[in-house]
Amino acid sequence: MKFTARQIADFIGGKVEGNEQASVHTFAKIEEGQEGAITFLSNPKYTQYIYDTKATIVLVNEDLELEHPVSCTLIRVKNAYECVAKLMQMYAQSLPKKTGVDPLAFVSPSAQIGKDVYIGPFTYVGEGVKIGDGTRIYPNVTIYDGSQIGKNVTIHAGAVIGADGFGFAPNTEGYEKIPQLGIVIIEDDVEIGANTCVDRSTMGQTIIHQGVKLDNLIQVAHNCEIGENTVMSAQVGMAGSTKIGAWCMVGGQAGFSGHIHVADRTMVGAQCGVIGNTKGDGETLIGSPAVNPKMYFKARALDAKLPDMYRQIAQLQREIDALKEIVQIERL
């Protein structure tokens, strides 16, 4: 399927500079662009590639100023990154989609499956599971009994939904397992990455609200709740009963202590360790334990001075000890 620069510009509200009839049929990175491909430039670090790219069409921001002529056709838009994402979504929607249950999958007779659902091979869907319309479940996913999954959800390969939460009570002989009697609820339009685990609750529900996007290898523990449209990068870990608000952004390998509340629109940096409730909407946190960036960078600026400060303190201690000896001698 081919699209011209004019058609693309009309769709995304852009302005063409160059050949309006230039056509493309695929996408490419700007540094790997080939004839017939459309690409984009939004990060200034990649500006150098626009002068040599072989891509036919390049989406650029309205304010981009070029130092040299380019051979490609440009489409200027307010936000090139958002527009290429919109085009890729349109392209993906035009591709044929699989539906139905693969013969190699197991679906419990008591499960309720909506319309236009795809369930890939070697997937297990347990008793009483509910899956909404248009949901796509890729190979080797395991969905435990009682889980509820909404409409237009995507669950990638190897994910586990509804396994027991990590609940054990110590006793004189070791640890006694606490039964995990709750369920997992995943609302509409959620995407869950490969090998991510969402544990069932001890009682009640573990809830992933509408529009949440989870990357690969994330651990969501029992009784956690993730608010609408929150996004998390890979290897995030949430301890039990953590409540994260709506529209939060969480960097890779961040960790959350249990039984804490994270406010709406909180930005959590990569490898951040959040051990307590956050202060309010829109807060940014980095470091472990998590602090605001201003405090974090002040502390890091002092790190380089610590060896000198240690030597100075040691020298002061020696001088104080010497003065103490003098005072004791004079007293005698």
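In what follows, the accompanying structure is described.

The rules behind the values
Going along each chain's sequence as written, the residues are numbered from 1 onward. The predicted nature of this model means local features are confined to residues of pLDDT at least 70 and side-chain atom pairs, given and counted, to a pLDDT of 80 or more, with totals for whole chains, interfaces and linings taken over all residues. To get the side-chain values, all heavy atoms of the structure are used, and hydrogens and water are removed first. Per the convention used, a helix needs a DSSP run of H or I reaching at least four residues, while a strand needs a run of E reaching at least two, with both numbered from the N terminus. The quantity called the radius of gyration is restricted to C-alpha atoms. Its globule counterpart is 2.2 Å times the number of residues to the power 0.38. Only the protein chains shown count as cover for residues, with accessible areas throughout obtained via the Shrake-Rupley method and a probe of 1.4 Å. Under the convention used here, Asp and Glu are negative, Lys and Arg are positive, and both His and the chain ends fall outside the count. Charge placement uses NZ in Lys and CZ in Arg. For Asp and Glu, CG and CD serve respectively. When DSSP finds two or more bridges between a pair of strands, those strands are recorded as paired. For this document, the term salt bridge refers to a Lys or Arg side-chain nitrogen within 4 Å of an Asp or Glu carboxyl oxygen. The buried label goes to any residue with under 20% of its type's maximum accessible area, the exposed label to any with over 50%, and the partly exposed label to all in between, with areas taken from a 1.4 Å probe on protein chains only. Any two rings among Phe, Tyr and Trp, with Trp reduced to its six-membered ring, count as a pair given centres within 6.5 Å; such a pair is stacked if its planes are under 30 degrees apart, edge-to-face if over 60, and tilted if neither. Placement of a positive charge over a ring is assigned whenever Lys NZ or Arg CZ falls within 6 Å of the ring centre and within 35 degrees of the normal to the ring plane.

Things to note about the overall build of the protein
Looking only at helices and strands, the protein has four helices and 36 strands in total. Relative to the compact-globule value of 20 Å for 332 residues, the protein shows a C-alpha radius of gyration of 28 Å, a clear excess of over 25%. If you sum the accessible surface of the protein, you get close to 19100 Å²; carbon and sulfur atoms cover 54% of it. Computed over 29 positive and 37 negative side-chain charges, the inter-centroid distance for the protein is 3 Å.

Remarks on the sheet that holds strand S13 (residues 130–131)
On the basis of which strands lie adjacent, the open sheet formed by eight strands has the order S10-S13-S16-S21-S24-S27-S30-S33 and parallel pairing. Edge strands, defined here as strands with exactly one partner in the open sheet, are strand S10 (112–113) and strand S33 (261–262). Of the strand pairs in this sheet, strand S16 (residues 148–149) and strand S21 (residues 183–186) are connected by two bridges, and their pairing is parallel. What sits directly across from Ile149, in S21, is Ile186.

Focus on the pattern of salt bridges
Under the counting rule described, the total for this entry stands at seven salt bridges. In this structure, Glu20 engages Arg6 in a salt bridge whose closest nitrogen and oxygen atoms are separated by 2.9 Å. Of the two residues, Glu20 is situated in the loop between strand S2 (15–17) and strand S3 (23–24) and Arg6 in helix H1 (residues 5–12); the sequence distance between them amounts to 14 residues. Judged by its relative accessible area of 25%, Arg6 is partly exposed. Across the salt bridge formed by Arg300 and Asp303, the nearest N and O atoms sit 2.7 Å from each other. In this pair, Arg300 and Asp303 are both assigned in helix H3 (residues 293–303), three residues apart and thus about one turn of the helix distant.

Some remarks on the packing of aromatic side chains
What the rule picks out here adds up to seven aromatic pairs. Between the aromatic rings of Phe40 and Tyr81, the centroid separation amounts to 5.9 Å while the plane-to-plane angle is 65 degrees, which identifies the pairing as edge-to-face. Linking Phe40 in strand S5 (residues 37–41) with Tyr81 in helix H2 (residues 80–94), this pair joins segments that are 41 residues apart in sequence. Looking at Phe40, the relative accessible area reads 26%, which means it is partly exposed. For Tyr81, a relative accessible area of 54% corresponds to the exposed category. Taken together, a centroid distance of 5.3 Å and an interplanar angle of 85 degrees make the contact between Tyr296 and Phe297 edge-to-face. According to the relative accessible area criterion, Tyr296 is partly exposed, its value standing at 24%. The ring of Phe11 has Lys86 sitting right over it, with the charged end atom 5.1 Å from the ring centre. Above the ring of Tyr296, the side-chain terminus of Arg300 is found at 4.9 Å from the ring centroid.

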